[in-house]
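# Remarks on the overall topology
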Amino acid sequence: MNVTIVDYQSGNISSVINSFTEVAKGKVNLEVTSDINKIKSSDKIVLPGQGSFKSCVDSLNNINGLAETLKEFAIINKKPLLGICVGLQMFADVGYEEAETKGLGWIAGKVSKIDNQNGKFKLPHIGWNEIEIQKESKIFKDIKNKSHMYFVHSYEFIPEDKSVISSTTDYSSKIVCSVERDNLFGTQFHPEKSDKIGLKIIDNFLKL
Amino acid sequence: MLKNRIIPCLDVKNGRVVKGINFVELKDAGDPVEQAKIYSDGGADEICFLDITASNENRETIIDIVKKTAKECFVPLTVGGGVRTIQNITDLLLAGADKVSINTAAVKDVGFVNEASKKFGSQCIVVAIDAKKVSNNKWEVFTHGGRNKTGIDVVEFAKQVETNGAGEILLTSMDRDGTKSGYDVELLKLITDNTNIPVIASGGVGTLDHFYDGIVNGGASAVLAASIFHYGEYKIKEAKEYLKSKNVSVRL
């Protein structure tokens, strides 16, 4: 099996590479690239994202044909794709970090700043929080409800269709922390930084 | 609910841990990678390396350690010490660090914090502030391990780094560092009340109750400690169980 981690100059993806390499060892052929042909021929795609919504969308659009290729892969051909952090957020129609920015539009909804109730809650939401599983998800196989995952973000994805939400977490409000529709997966938390339980999620994705 | 983090910090000099763990099961007491792994397996919420290497020629050594550690530890890794340029940050992140902590360079020019957070995102920029009490209810920013007085008020500086995009503040009390008499809770409270980003408490932990004080009375989101863990006095798990018994939420 060939799995591609999309490297589109979206900030620091070393941890994603390290964790996937650890889990994939001897089982999966892992590529880190933005090469359109390699992406097209892979079986699964990982779309990381760090920094702001705008900077990630801009970097992605800077690579000719990348957005279309990803759409064809995940939405038209419905092959497995996992978005992590801003990688997930970009599934939305629009984001409001830095400036109003058009997203990939794969799941209707928006990405806006977490309402921290006038400073009552610190932002970014950094650290370990429990996930509350909202629906059965293929990547949560053998993951217990209320497992701890590592978060670091100030913006949240608010999908229009709530049935895509596979887990939430409790902060200043219930924050969407993962989505699933067909073979499209996204986590707001960082499985690659979430210790053994995070590696299990990566393993689940690779075993799909 | 968001958990309060416990972060062990390892001081590294020329590639070796100088204040390290004294556990019997260690094969090599000076190997930072091995020690980070022990902490990570023991439930550390993050790992922090502080590079206290004096010379620039040895920057490669810390990069190499970060590379090796990042391949074995799958919790967030913060690296500080000598971070002065955008290139320093790029090198550390590429090696596998998740966050970098900026100290002197932020005091010299807070614009550097702005530039770094714009380029890499606030999530990976921690500003380390060393503070010392100068009079009643007044603390000043110091640099060079507490030797150099800057004349900058710590509250003003904390607000400035927040405005400039720091994701977190690592606040060390120079009065308490190494004393084992507890965090400077007054100082912590002052900073956590006046900023809206997470603050990591540092300097002075001697007992488990000091962690409780830092979190509950000081308002810290995370507590950092070195010697209390290094010398095997307490394991991270014990610290977490103690906090849990006092109704502080931790990841167990």
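Figured I'd write up the structure that's included with this text. (Residues numbered from 1 in each chain as written. Chains lettered and ligands numbered in written order. Predicted model: local features only at pLDDT ≥ 70, side-chain atom pairs only at ≥ 80, totals over all residues.)

### Describing the overall build of chain A
- Looking only at helices and strands, chain A has 6 helices and 13 strands in total.
- Against the globule reference of 17 Å for 208 residues, chain A gives a C-alpha radius of gyration of 16 Å, in line with a compact fold.
- With the principal axes as the frame, chain A shows a C-alpha extent of 45 × 35 × 30 Å.
- For chain A, the proportion of its 208 residues judged to be buried stands at 55%.
- If you take every contact in chain A between residues at least 6 apart in sequence, the share linking residues at least 24 apart comes to 69%. (Helix = DSSP H or I, 4+ residues; strand = E, 2+ residues; numbered from the N terminus. Rg over C-alpha atoms; globule rule 2.2 N^0.38 Å. Buried ≥ 20, exposed ≤ 12 C-beta atoms within 10 Å, placed from the backbone. Contact = placed C-beta atoms within 7 Å.)

### Let's talk about the pairing of strand S3 (residues 44-47) of chain A
Residues and elements named next belong to chain A.
- Residues Lys44 and Val46 line one face of S3 and the alternating positions Ile45 and Leu47 line the opposite face, and both faces are buried.
- In this sheet, S3 lies alongside strand S1 (residues 2-6) in parallel orientation, the contact comprising 3 bridges. Across the sheet, residue Thr4 finds its bridge partner in S3, namely Ile45.
- Sheet topology note: the S3/strand S4 (residues 81-84) ladder contains 3 bridges and is parallel. (Pairing = 2+ DSSP bridges.)

### Some points on the nonpolar core
- Grouped together as the largest cluster of nonpolar side chains are 81 residues, with contacts concentrated most on B:Val127 and B:Ile169.
- Of the residues forming this core, the biggest block, 6 residues, is contributed by strand S6 (residues 125-135) of chain B.
- Apart from residues no more than four positions distant in its own chain, B:Val127 is found in contact with B:Ile102, B:Ala106, B:Val113, B:Val161, B:Ala166 and B:Ile169.
- Residues A:Val3, A:Leu30, A:Leu104 and A:Ile139 belong to the second largest nonpolar core, which totals 60 residues. (Core = buried A, V, L, I, M, F, W, Y, C linked by C-beta atoms within 7 Å.)

### Remarks on the sheet that holds strand S13 (residues 184-187) of chain A
All names here are of chain A.
- An order of S2-S1-S3-S4-S13-S12-S11-S8-S9 is seen for the 9 strands of this open sheet, with the pairing classed as mixed. Of all strands in the sheet, those with a lone pairing partner are strand S2 (29-33) and strand S9 (148-153), marking the two edges. Within the sheet, the average angular offset between the axes of one strand and its neighbour, ignoring direction, is 25°.
- Each of S3, S4 and S13 touches helix H4 (residues 66-76); the most contacted strand, S3, lies at about 120° to it. (Axes fitted to C-alpha atoms, helices over the stretch in contact; angles between N-to-C directions.)

### Brief notes about the sheet that holds strand S10 (residues 155-159) of chain A
All names here are of chain A.
- Within the open sheet, the 4 strands sit side by side as S6-S5-S7-S10. Their pairing is mixed. The sheet is open, and its two borders are formed by strand S6 (101-102) and S10, each paired with just one other strand.
- One ladder, built from 2 bridges, connects strand S5 (residues 94-95) with S6; its direction is antiparallel. Bridging across to S6, Val94 finds its partner in Lys102.

### Things to note about helix H1 (residues 32-41) of chain B
- Inspection of H1(B) places B:Pro32, B:Gln35, B:Ala36, B:Tyr39 and B:Ser40 among the buried residues, and these make up the whole buried set. Down the axis of H1(B), the buried set is contained in an arc of 135°. They therefore lie on one face. (Arc of directions from axis to C-beta.)

### Section: the interface of chain B and chain A
- Contact with chain B, which involves 28 residues of that partner, is made by 29 residues of chain A.
- It is helix H3 (residues 86-95) of chain B that contributes the most residues to the side of chain B that touches chain A, 3 residues altogether.
- Residue composition of the side of chain B that touches chain A, grouped by class: 14 nonpolar, 7 polar and 7 charged. (Nonpolar A, V, L, I, M, F, W, Y, C, P; charged D, E, K, R; others polar.)

### Regarding unusual backbone geometry
- The residue after A:Leu123, namely A:Pro124, is reached through a cis peptide bond having omega 0°.
- Summarising the element assignment, A:Pro124 is placed in the loop between strand S7 (109-113) and strand S8 (125-133).
- Within the chain, B:Asn14 stands out as a residue other than glycine whose phi angle is a positive 45°.
- Within the secondary structure layout, B:Asn14 lies in the loop between strand S1 (5-13) and strand S2 (16-19).
- A residue is classified by how many C-beta atoms lie within 10 Å of it, and B:Asn14, with 13 of them, is partly exposed.

### Points about the pairing of strand S9 (residues 168-173) of chain B
Residue and element names in this part refer to chain B.
- Counted residue by residue, S9 has 6 buried out of 6 residues, so it is predominantly covered.
- Because side chains alternate across S9, one face comprises the buried residues Glu168, Leu170 and Thr172, and the other comprises Ile169, Leu171 and Ser173, equally buried.
- As paired strands, S6 and S9 are joined by 6 bridges and run parallel to one another. Note on S9: the bridge partner recorded for Ala131 is Ser173.
- Relative to strand S10 (residues 199-202), S9 runs parallel, the two being bridged by 4 bridges. Across the sheet, the residue bridging to Thr172 is Ser202, located in S10.
- Remark: the S9/helix H7 (residues 185-194)/S10 crossover connection has right-handed handedness. (Right-handed = clockwise from strand over helix to strand, strands pointing away.)

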